[in-house]
Amino acid sequence: NEVLDKYFSQLEDYLSSKTIYSEIGIVVRPDLQGKGSGATKELYNLLSNGIIFAWTSNPLYLAQCYKYFNNVQYFPLFEDRITTLEGLANLSVLYGDLLTYKPDRTENLEFGALRSEYFVTERGNEYLDLAKSLVESKKISQLDEKRIQYCIQQKGVQGAIIATN
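The numbers attached to residues start from 1 for each chain and follow its sequence in the written order. In view of the model being predicted, local features appear only for residues whose pLDDT reaches at least 70, and side-chain atom pairs are presented and counted only at 80 or more, with totals across whole chains, interfaces and linings using the full set of residues. Excluding hydrogens and water, the side-chain values take into account all heavy atoms of the structure.

(A) Looking closely at the side chain of Asn 71. Secondary structure counts use DSSP, requiring at least four H or I residues in a row for a helix and at least two E residues in a row for a strand, with both numbered from the N terminus. Looking at the element boundaries, Asn 71 is found in strand E3 (residues 71-74). Throughout, a residue-residue contact means that at least one pair of heavy atoms, one from each residue, lies within 4.5 Å. Those residues in contact with Asn 71 that lie beyond four places of it in its chain are Glu 86, Gly 87, Asn 90, Ile 162, Ala 163 and Thr 164.

Below, the structure is given as structure tokens:
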């Protein structure tokens, strides 16, 4: 791809200028959710100059990343295309992480999806309902909802999410 070729020479400098934070997220007890404590904002503010990398099928986590970061990619990409230096860097981070797993964790899945023992199957319908409401309020896209549906339908699968400023 000609668009990405121009970024390969810049990739090493870009990645070496960022700290990669893996599996970052805030899980607040249900009775404290939505109380406006500011804990999420503070955490993401501390990490705003780095690259946030995680695996999720939680639409709320995705919406939070969109709220606090300028560049968010959620996988599998489906129709989305990588056309920026940040996107190429995100692919590099994702590919590097995927190399740490046994091949059976990604077998027969779209690129950027991973079987996870941490996935809570009981929340599948809740996540689908939440995704629909977040699309309606324009906090995530319809394509993001499709990605969440894909992960839920595969049972025990999460998509990679990468966020940067």
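Further notes follow.
(B) Examining the packing of aromatic side chains more closely. For this analysis, a ring pair means two rings from Phe, Tyr or Trp (six-membered ring only for Trp) whose centres lie within 6.5 Å, classed as stacked if their planes differ by under 30 degrees, edge-to-face if by over 60, and tilted for the remaining angles. All chains considered together, the criterion is met by four aromatic pairs. Plain terms: the ring middles of Trp 55 and Tyr 101 are 6.3 Å apart, the flat faces sit at 85° to each other, and that makes the pair edge-to-face. Of the two residues, Trp 55 sits in strand E2 (residues 51-56) while Tyr 101 sits in the loop between helix H4 (85-98) and strand E4 (113-115), which places them 46 residues apart along the sequence. Buried means the residue's accessible area, taken with a 1.4 Å probe over protein chains only, is under 20% of the maximum for its type, while exposed means over 50%, and partly exposed covers the values in between. Residue classification places Trp 55 among the buried positions, given a relative accessible area of 7%. Note on Phe 78 and Tyr 150: the rings are 5.8 Å apart at their centroids and 80° apart in plane angle, and the pair reads as edge-to-face. Residue Phe 78 is located in the loop between E3 and H4, and its partner Tyr 150 is located in helix H6 (residues 142-154); the two are separated by 72 residues in the primary sequence. The class for Tyr 150 is buried, based on a relative accessible area of 13%. An aromatic cluster of three or more residues is present, and its members are Phe 53, Trp 55 and Tyr 101. Geometrically, a charge over a ring is one whose NZ (Lys) or CZ (Arg) sits within 6 Å of the ring centre while staying within 35 degrees of the ring normal. Taking the ring centre of Phe 78 as reference, the NZ or CZ of Lys 146 above it sits at 4.7 Å.

(C) Main features of the pattern of salt bridges. Salt bridge, as used here: a side-chain nitrogen of Lys or Arg that lies within 4 Å of a carboxyl oxygen of Asp or Glu. The final tally for this structure, using the stated rule, is four salt bridges. The closest approach of N and O atoms between Arg 147 and Asp 144, which form a salt bridge, is 2.8 Å. Of the two residues, Arg 147 and Asp 144 are both situated in helix H6; the distance of three residues between them amounts to about one turn of the helix. Pair check on accessibility: Arg 147 and Asp 144 agree, each one buried. One connected set of salt bridges, linked through shared partners, spans Asp 80, Asp 144 and Arg 147.

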